[in-house]
Amino acid sequence: MNRGPRRWSLRTLAALALAALAALAAGCGTWPPGGERIVDLRSGRTITRSELIGAMRASDVVLLGERHDNVHHHAARGALIEALGARTAVVAEHLPRGRRVQFGPDLLVSLEAAGFEPKAWRWPLHEALFAGVAQAGVPLVGGNLPRDVVRRIAREGEAAWPEELAALLARAPLDDQAQAALDADLLAGHCGHLSAQRLPGMRAAQRARDASMFAALRDAAAAPAILLAGNGHVRLDYGVGQLLAALRPQSRVLSVGFLEAGERVEPGLYTHAWITPPAERGDPCAGFAMPPRR
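Rules of the game
- Residues numbered from 1 in each chain as written.
- Predicted model: local features only at pLDDT ≥ 70, side-chain atom pairs only at ≥ 80, totals over all residues.
- Heavy atoms only, no water.
- Phe/Tyr/Trp six-rings, centres within 6.5 Å; stacked < 30°, edge-to-face > 60°.
- Helix = DSSP H or I, 4+ residues; strand = E, 2+ residues; numbered from the N terminus.
- Buried < 20%, exposed > 50% of the residue type's maximum accessible area, 1.4 Å probe, protein only.
- Salt bridge = Lys/Arg side-chain N within 4 Å of Asp/Glu carboxyl O.
- Expected span 1.5 Å × (residues − 1).
- Contact = heavy atoms within 4.5 Å.
- Axes fitted to C-alpha atoms, helices over the stretch in contact; angles between N-to-C directions.
- Parallel < 35°, antiparallel > 145°, perpendicular 65-115°, else oblique.
- Left-handed = near helix turned anticlockwise from the far one by under 90°.
- Nonpolar A, V, L, I, M, F, W, Y, C, P; charged D, E, K, R; others polar.

## Section: the packing of aromatic side chains
Here is step 1: Counted according to the given criterion, the structure contains three aromatic pairs.
Here is step 2: Taking 5.8 Å as the distance between ring centres and 75° as the angle between the ring planes, the aromatic pair formed by phenylalanine 116 and phenylalanine 130 counts as edge-to-face. With phenylalanine 116 in the loop between helix H4 (107-113) and helix H5 (127-136) and phenylalanine 130 in helix H5, this pair connects stretches of sequence that are 14 residues apart. You'll find phenylalanine 116 and phenylalanine 130 in the same group, each marked buried.
Here is step 3: When the centroid spacing of 5.3 Å and the interplanar angle of 20° are considered together, the rings of phenylalanine 258 and tryptophan 274 count as stacked.

Here you go:
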């Protein structure tokens, strides 16, 4: 399997991360550099990285989003976790629930042994993220459903929910506004090609994945427990944040949407937004076609 041009050791990656942190700390303590900024969406105030870390330490659960193809998001989150220290545990969308990474000298080999699929996640995009987790020395476990289970749910709908997740989701239904927002995002994510017949199945699959990640966070013996997942999964209206509010209302939850410059941020989706330069990408809908049902 081609693992790309880089096969750096954890020691080398750690040195690079430390150099980046030192550069960020320079310049009279300004953060973030290069036009990046962190916004507390509840107050509208721009805050420092140190303030965000303090808010993370005061939380029970921290949800860190991402645009999957934006390397700025992965590098920033890896540095955040490393700075937070060894008091946390990390749950990742990028790994199946029930799997735990045993970090060895080769980062990618360690991830693959726990079910990471480098082609699906376009390795090495997430390299800096997982290097930061490895350097922090904290547990890294999976939160996602296996691919075959997701496909079955997308095909058969809620009837295919695993019993555990069905019980959780029955206690935390979406209201009409949240379901409409989820449906709109699913349609946009499929470039408008998602038919009315397939939409309920896709919605059921998204909700099941959120419930699986919620369950992994619930079972993590740490505070804060951190989730690494796409921005849709860390939303407070229909994502894992909604499940936490319904099923663990006493939990102190911090949700950071990692967004791109120019992207609109609506109140109530996250507690914070970390805004970075956009990734270089073409039109994601050019030539898009829905895959056949399997």
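Past the structure itself, the notes keep going.
## A closer look at the pattern of salt bridges
Here is step 1: Per the counting criterion, the structure on display carries 18 salt bridges.
Here is step 2: Between glutamate 51 and arginine 45 there is a salt bridge, and its shortest N-O distance comes to 3.2 Å.
Here is step 3: Overall, the relative accessible area of 44% leaves arginine 45 in the partly exposed class.
Here is step 4: A salt bridge links arginine 155 to glutamate 156; the nearest nitrogen and oxygen atoms lie 3.8 Å apart.

## Side note on unusual backbone geometry
Here is step 1: Omega for the peptide link from tryptophan 123 to proline 124 comes to 20°, which places this bond in the cis form.
Here is step 2: Tracing the chain through its elements places proline 124 in the loop between H4 and H5.
Here is step 3: Here the amide bond leading from alanine 223 into proline 224 is cis, since omega sits at 5°, within 30 degrees of zero.
Here is step 4: Within the secondary structure layout, proline 224 lies in the loop between helix H9 (199-219) and strand S6 (225-228).

## Examining helix H8 (residues 176-189)
Here is step 1: Between its terminal C-alpha atoms H8 stretches 20 Å, which fits the 20 Å expected from 14 residues at 1.5 Å a residue.
Here is step 2: Considering only its buried residues, H8 is in contact with H9.
Here is step 3: Phi turns positive one or two residues past the end of H8, at cysteine 191, with a value near 55°.

## Examining the packing of H9 against helix H10 (residues 240-247)
Here is step 1: The contact between H9 and H10 brings their axes to 9 Å, and the two run at 60°. Relative to H10, the element H9 is oriented oblique. When you trace H9 past H10, the crossing you get is right-handed. Of the residues in H10, those in contact with Arg207, Asp210, Ala211, Met213, Phe214 and Leu217 of H9 are Val240, Gln242, Leu243, Leu244 and Leu247.
Here is step 2: Partitioned by chemical class, the residues of the contact of H9 with H10 number eight nonpolar, one polar and two charged.

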